[in-house]
Amino acid sequence: MFSIDIAEDAQLFPLEIRHAEELLAHMDRGREYIGQYVGLPDVVADLDGARSYLALYAQKAATDTGRLYGIRVDGVLVGGVLFRTFDTAAGTCEAGCWLEPAMAGRGLVTKACRIIIDWAIRERGMHRVEWHVASGNKKSIAAAERLGMTRDGVMRGNDLYRGLRQDTEIWSVLAHEWPADRPA
């Protein structure tokens, strides 16, 4: 399958069911950090969970309703980006990300998200790309800002996560706001 270089030592590639063991090992390394704001580590708790999660996104890719990509550094899975939702009829999708703590600050998520957002807007004709983020997740908010997104608003107390209510900020970029000459 294809991969796209996002740094000298890093590639973006489609995550598939055959990567279940690699995904579980990655999640085990970053479980606490990644799980601060997102439930992915709870879903990928064991090999069956990893396979089920990857199968869900294989089905989403087959039905054109979502996509899942991994980020490797020096051949090791360290994070990922995705379209959690992808609605071609409405022209909207929701992008998201996660990353191991040792890889934070390298710009990998920003570069990977630029590639997938650019594809969604230019190749697939998406009108609106959303970014949903817990208000306390300052690193993800900073990524939305680097991607040129605008904060649309806050859904207060909407997300019950690990027994606590958290607010969700909605950020977005519209197709006409996405620079025509933006390099991936």
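Coordinates for the structure precede this section.
Each chain has its residues counted from 1, running along the sequence as written. Restriction of local features to residues with pLDDT of at least 70 applies here, the model being predicted, together with a cutoff of 80 or more for giving and counting side-chain atom pairs; totals for whole chains, interfaces and linings are based on all residues. Note that the side-chain values use all heavy atoms of the structure and ignore hydrogens as well as water.

(A) Spotlight on the pattern of salt bridges. By convention in these notes, a salt bridge is any Lys or Arg side-chain nitrogen within 4 Å of a carboxyl oxygen on Asp or Glu. Taken as a whole, this structure holds 14 salt bridges when the rule is applied. For arginine 128, the salt bridge goes to aspartate 152, with nearest N and O atoms at 2.6 Å. Separated by 24 residues along the polypeptide, arginine 128 in strand S6 (residues 128–134) and aspartate 152 in strand S7 (residues 150–161) bring together distant segments of the chain. We call a residue buried when its accessible area falls under 20% of the maximum for its residue type, exposed when it is over 50%, and partly exposed in between, using a 1.4 Å probe and counting protein chains only. Judged by relative accessible area, which is 42%, aspartate 152 ranks as partly exposed. Through salt bridges that share partners, Asp64, Arg67 and Arg124 make up one connected network. Think of it this way: any DSSP run of H or I at least four residues long counts as a helix, any run of E at least two long counts as a strand, and we number them from the N terminus.

(B) Main features of the pairing of strand S2 (residues 10–14). Of all the five residues making up S2, four are buried; the element is thus mostly covered by neighbouring parts of the structure. Think of it this way: DSSP has to see at least two bridges between two strands before they count as a pair. Bridge count for strand S1 (residues 4–7) against S2 is three bridges, and the pairing is antiparallel. Its bridge partner lying in S2, aspartate 5 is registered against glutamine 11. Connecting S1 to the antiparallel partner S2 that follows it, the hairpin turn spans two residues.

(C) Representation of the environment of isoleucine 71. By the element assignment, isoleucine 71 lies in strand S3 (residues 67–73). Taking the C-alpha atoms as reference points, isoleucine 71 and leucine 15, 56 residues apart in sequence, are found 8.9 Å from one another.

(D) Spatial organisation of the sheet that holds S7. Taken in spatial order, the eight strands line up as S1-S2-S3-S4-S5-S6-S8-S7 in an open sheet, and their pairing is mixed. Either end of the sheet is taken by a strand with one partner, and the two such strands are S1 and S7. Neighbouring strand axes in the sheet, compared pairwise and without regard to direction, differ in orientation by 25° on average. Examined bridge by bridge, S2 and S3 share five bridges and lie antiparallel to one another. Of the residues in S3, the one forming a bridge with phenylalanine 13 is glycine 70. Residue contacts follow a heavy-atom distance rule, with two residues in contact if any of their heavy atoms lie within 4.5 Å. Inter-axis angles, ranging from 0 to 180 degrees, are taken between N-to-C directions of lines fitted to C-alpha atoms, where helices are fitted over the stretch in contact. Sheet strands in contact with helix H1 (residues 20–34) are S3, strand S4 (76–87) and strand S5 (92–99), and its direction is about 85° off that of S4.

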